[in-house]
Every structure is written in structure tokens, then in C-alpha cells.
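Fold and contact review
Here are the chains, one letter per residue:
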Amino acid sequence: MFEKSIKAYEEAKEVIPGGVDSPVRAFKSVGGTPPFIDRGEGAYLIDIDGNKYLDFVQSWGPLIFGHCDSDIEEAVISTAKKGLSFGAPTVLETQLAQEIVDMYENVDKVRFVSSGTEAVMSAIRLARGVTGKNDIVKFEGCYHGHSDSLLVQAGSGMATFGAPSSPGVPADLTKHTLLCEYNNIENLKKCFEDSNDISCIIIEPIAGNMGLVPASLEFLKACRELCDANGALLIFDEVMSGFRASLTGAHGIVDTKADIITFGKVIGAGMPVGAFASSKEIMGHLSPDGAVYQAGTLSGNPVAMAAGLVSLKKLKANPEVYDKLNEKAKKLVNGLKVVAVNNGIGLQVDTRGSMFGFFFADEMPRNFQEVTDFCNFERFAKFHHEMIKKGFYFACSQYEAGFIATVITDEMIDECIKAADEVMKSL
């Protein structure tokens, strides 16, 4: 069933560290061999063994319209025929930036980059340049890419300067990162008591990297108030939730507004792209207008811009798609919860727009520590393994959110729930 993927994985490990170019793909959390994908078709992935999977990952979020959407595909092909990259300005950059600016009341200008990691790294540098301060506050369980100052682990105190969580990251770089517990207002206040040199708070307002764990409205309000009171900026990392949770990401769901927003994934419709955006006053500090330096040879790649432009225009023209996607997301997770309960298994579920999450737990976790403490990771691994065999492709870690695409039908979801019921009986 997986013979070709097993062989491909062994060959990949000879020339690629761990056989993958992003660690989660190695299936370490769930075991087994990752299927090597040959192609995508609408709602499905097809691997090199010919196995077909209903895809609830959708390239980790960007494929709202599924694989090989004809409009996006046409834009990519026609743009690629003109040239893959120029390292020079194109009108497509302006057009995509204008689409984003038009949708966000607190955004005047956008700078495109090539990844979410790069967007976050640049946004933090900008915040430090604007405020003249050095420290940043991040939250345990929120992933903002692999730049040095963001790879931190908790220290011994409730609120403490982070220690490096990866070899190769000097402690001198993470000493300016204060690590706080997500959804814990008192813990957050203590961060500001510990330092008068905080430049920004960076947060996933809808966390998707400890499973789906949204920040409470009260917590986001506290983030805003503490930033305002202490001369810091608030950064929303919407690399995952931007244009996924709603047409304007978390900003379309919560009242709190960020000073800087980072984007990725969705604005490239599957092409490598990221961006950060803010007011003209804050973005005026960025080179070449200001002194804060940031650059990228392939930033604003025309093929990525063309793909993203078509995708965002389709979403803007059909905003009702988010209600339909959320209905499907709820149908899926509520169906999973029913079959879990019927089989005596605790399952906690949630959705935000086309994002969904489920935890094998008896209580809903509100932060990373509770995800770790409450969840049955062994049960999730077994569930994932058996669902793969039945043709359903979920994120390969309980720490990851899932995604619905427009091409996933109610009938497909019914098939998934039926298969899940069979699997749950064995758990």
C-alpha cells in the first residue's frame, strides 16, 4: 500500500536531513512513513503509490479553493510564461498590496517577503526600530517561524526571559525574549513588570500551532492595553489565520486591532510568500523610506503575486464562502465529537472560519501547557494512522490545526465521520 513512499523516504533520508525539508512532515508525532505526494486534485491528494486521500491539511492552510483551482492555475501559468523572477518591481505587487490595504482599516502599506518566518522576523525588527526598545513578549505554544530570537523555551519562573530551545541559538539572542503563558493576563502583566524595555507583543490571535486554541477576547484586550500603556506595539501573527478565519482573519472576529500584522500562506494561494503590514506612520520607518533595513531578492515574486491576487479577489467577491466553510468545519468536528462520545472517548473541538481543531481530551485546553497535560497523544497517533489507511489526511500532529477547502463536500465529510466511527471503536 505504501511501498513506493517507504522506498522514497529511505532515499530522501540519504540526501535530506530526516528525509524532509520541514520537520513535522517526518510523521514523528504519529509514527509510520509519510506518504510522498504525486499530485493534488481538488479536495484530494494522490501519493506515488496511487493512494487517494481527502485532504484536511490543504498545504497547511493556503489552498482555500483546493488543489489545482483552475483560476489560480491559469494565472500562475500565464505569469510564469513571462518569466519566473526579475528582482525588480512589477505591477502585480502593487495590485496585491492594494487588495490587502482595502480590506484592513488599520493597514496602509504592505511589504512582501518570501515566507512567514521572514515576515515575523522583519515585523519584530520594525517594532524595535520604531520604539527604540529591545525586548519582545511571545507566548508558549505560539510558533512564529524559526528565527533565533523566537526559538525559546520557558525558564524557571512564571514570566522569564527565554532560554534557547535549539542548539545553534546563542543565549545572547534570546535574552531579549520574554516568554508568557497564552491566555494568562496576570502572567502577561508580570512580563511588563519585569522589563521596561519591551518593544512589542507578538501573538497568534488564533493559535494554530498547539492545535486550534483561540486567544480569549479579554486576553487580546489586555495585550492591547498593556502595549498602549508601555509604549509597545502589538503584532498579530496571522500567517495561518489571515484570510482563513475570516476575510480579514482574526481582525474580522475580535475587536482588538494590532499595530502590525504578518501574513503568509494564504496570500500566495500555495506559492511561497509572506508579508507584513501596518500604518503609513509605522511603515515609514522601513527602508528605503526610513532607517530600519529589510530586503529580499525574490520578494514580491510575480508568480506568487499572481496566484495570491486571484485567490484574494475570489474571496473578496464571495465573502459568504467563509460562512459555508465554517458550516463544513463544524459539521466535521461535531460529527467527530459525536462518534467519539458514542465510543466512550473524550474529544474537544473548535472552529474559526475554515480552521478547525480537535483534541483527544476531557477538557478544552486554553494554552500550551494544558494541551500537553490534557491530551492523549498516543490516541491521536493511532487515530491518525488508521485514518490515513482509510484515505483521510489529517495534520500529522495534535499540535496542528486543520483546514477546510471549498471543494470538500458534505458527502465527503459524512464519509470521513463514518470512517472515524470505525476507527474510534478500535481506540
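Residues numbered from 1 in each chain as written. Predicted model: local features only at pLDDT ≥ 70, side-chain atom pairs only at ≥ 80, totals over all residues. Heavy atoms only, no water.

1. Side note on the overall build of the protein
To be explicit about the condition: We count a stretch as a helix when DSSP gives it H or I for four or more residues in a row; a strand needs E for two or more, and each element gets its number in order from the N terminus. Per-residue accessibility, obtained with a 1.4 Å probe over protein chains only, is compared with the maximum for each type, and a residue is labelled buried under 20%, exposed over 50%, and partly exposed between these values. Throughout, a contact is declared for two residues whenever any of their heavy atoms are within 4.5 Å. Exposure was quantified through the Shrake-Rupley algorithm and a 1.4 Å probe, taking into account, for residues, occlusion by the shown protein chains and nothing else. Note that His is not counted, nor are the chain ends; the positive residues are Lys and Arg, and the negative ones are Asp and Glu. Charged side chains are reduced to one point each, which is NZ for Lys, CZ for Arg, CG for Asp and CD for Glu.
For the protein, the helix and strand inventory stands at 13 helices and 19 strands. Referenced to the eigenvectors of the C-alpha coordinate spread, the extents of the protein come out at roughly 55 × 55 × 45 Å. Out of the 427 residues belonging to the protein, those deemed buried represent 56%. Restricting to contacts in the protein with at least 6 residues of sequence separation, those with at least 24 account for 69%. When the accessible surface of the protein is summed, it comes to about 18000 Å², and 51% of that surface belongs to carbon and sulfur atoms. Of note, the protein has its 40 positive side-chain charges centred 2 Å away from the centre of its 56 negative side-chain charges.

2. Observations regarding the packing of aromatic side chains
What counts is decided by this rule: Between rings of Phe, Tyr and Trp, where Trp is taken as its six-membered ring, a pair exists when centres lie within 6.5 Å; planes separated by under 30 degrees are stacked, by over 60 edge-to-face, and by other angles tilted.
Evaluated as defined, the whole model comprises 20 aromatic pairs. Ring geometry for Phe139 and Phe219: centres 5.3 Å apart, planes at 70°, overall edge-to-face. In this pair, Phe139 is assigned in strand E5 (residues 135–139) and Phe219 in helix H7 (residues 217–230), connecting sequence segments 80 residues apart. Classification of Phe219 as buried rests on a relative accessible area of 0%.

3. Focus: the sheet that holds strand E17 (residues 355–359)
The line we're drawing: Two strands pair if DSSP finds at least two bridges between them. For helices, the axis comes from a line fit to the C-alpha atoms of the stretch in contact; other axes are also lines fit to C-alpha atoms, and the angle between any two N-to-C directions lies between 0 and 180 degrees.
Taken together, the three strands give an open sheet; going across it, the order is E16-E17-E19, and neighbouring strands pair in antiparallel fashion. Single-partner strands in this sheet number two, and they are strand E16 (348–352) and strand E19 (402–403). Where E17 meets E19, two bridges bridge the pair, whose relative direction is antiparallel. From the neighbouring strand, Met355 faces E19, where its bridge partner is Phe403. Where helix H10 (residues 321–342) meets the sheet, its contacts fall on E16 and E17, and the angle it forms with E16 comes to roughly 180°.

4. Here we look at the environment of Cys227
Summarising the element assignment, Cys227 is placed in helix H7. Residue class for Cys227 comes out buried when judged on its relative accessible area of 0%. In sequence terms Cys227 and Asp259 are 32 residues apart; their C-alpha atoms lie 9.8 Å from each other. Sequence-distant contacts of Cys227, that is, excluding residues within four places in its chain, are made with Phe192, Ile201, Ala232, Leu233 and Leu234.

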